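Secondary and tertiary structure notes
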Amino acid sequence: MTNSVVAWTTEYYSRAVLELRSQGREVSDEILSHISPGHSDNINFFGVINVDVEADLAKLDTSGWRPLRPARLRELGMTP
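Parameters and conventions
- Residues numbered from 1 in each chain as written.
- Predicted model: local features only at pLDDT ≥ 70, side-chain atom pairs only at ≥ 80, totals over all residues.
- Heavy atoms only, no water.
- Helix = DSSP H or I, 4+ residues; strand = E, 2+ residues; numbered from the N terminus.
- Contact = heavy atoms within 4.5 Å.
- Areas by Shrake-Rupley, 256 points an atom, 1.4 Å probe, with all protein chains shown as cover.
- Buried < 20%, exposed > 50% of the residue type's maximum accessible area, 1.4 Å probe, protein only.
- Salt bridge = Lys/Arg side-chain N within 4 Å of Asp/Glu carboxyl O.
- Phe/Tyr/Trp six-rings, centres within 6.5 Å; stacked < 30°, edge-to-face > 60°.

**Observations concerning the overall build of the protein**
On a plain count of helices and strands, the protein comes out with 3 helices and 0 strands. Each helix (α) and strand (β) of the protein, taken in turn from the N terminus, gives the series α-α-α. The contacts of the protein with a sequence gap of at least 6 include a subset with a gap of at least 24, amounting to 64%. When the accessible surface of the protein is split by element, carbon and sulfur atoms take 55% of a total near 7,000 Å².

**Here we look at the environment of Trp8**
With respect to the element layout, Trp8 can be found in helix α1 (residues 2-22). Residue Trp8 is classed as partly exposed on the basis of its relative accessible area, which comes to 38%.

**Concerning the pattern of salt bridges**
Side-chain pairs of opposite charge can arise where the charged atoms are in close proximity. Across all of its chains, the model carries 3 salt bridges by this definition. For Asp29, the salt bridge identified is with Arg21, shortest N-O distance 3.1 Å. Among the residues examined, Arg21 registers a relative accessible area of 36% and is labelled partly exposed. Here Asp56 and Lys59 are joined by a salt bridge, their closest N and O atoms 3.7 Å apart. Residue classification places Asp56 among the partly exposed positions, given a relative accessible area of 36%.

**Brief notes about the packing of aromatic side chains**
A full pass over the atoms with the stated rule returns 2 aromatic pairs. Arranged with centres 4.8 Å apart and planes meeting at 35°, the rings of Trp8 and Tyr12 form a pair that is tilted. In this pair, Trp8 and Tyr12 are both assigned in helix α1, 4 residues apart and thus about one turn of the helix distant. Residue classification places Tyr12 among the buried positions, given a relative accessible area of 12%. With a centroid separation of 5.3 Å and 75° between ring planes, the pair formed by Tyr12 and Trp65 is classed as edge-to-face. Here Trp65 lies in the segment after α3 (53-58) and Tyr12 lies in helix α1, a separation of 53 residues in the sequence.

Given below as structure tokens:
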């Protein structure tokens, strides 16, 4: 399970960085060297997760990817 979460997180980090760079935003390799896909903030280890499968499937793009969340650059101190 851990490997799956790390692989998924790594893939979406990569997509997010590519999206930011395609918008002309600078994302330095120095900053990226400090990011780890092994965090667990996005994992619910306890309790029940209710999923509306049809609604989640409807959010996928034509390639089958979930949409990226908008960048919160101001909160990170990285205003464009």
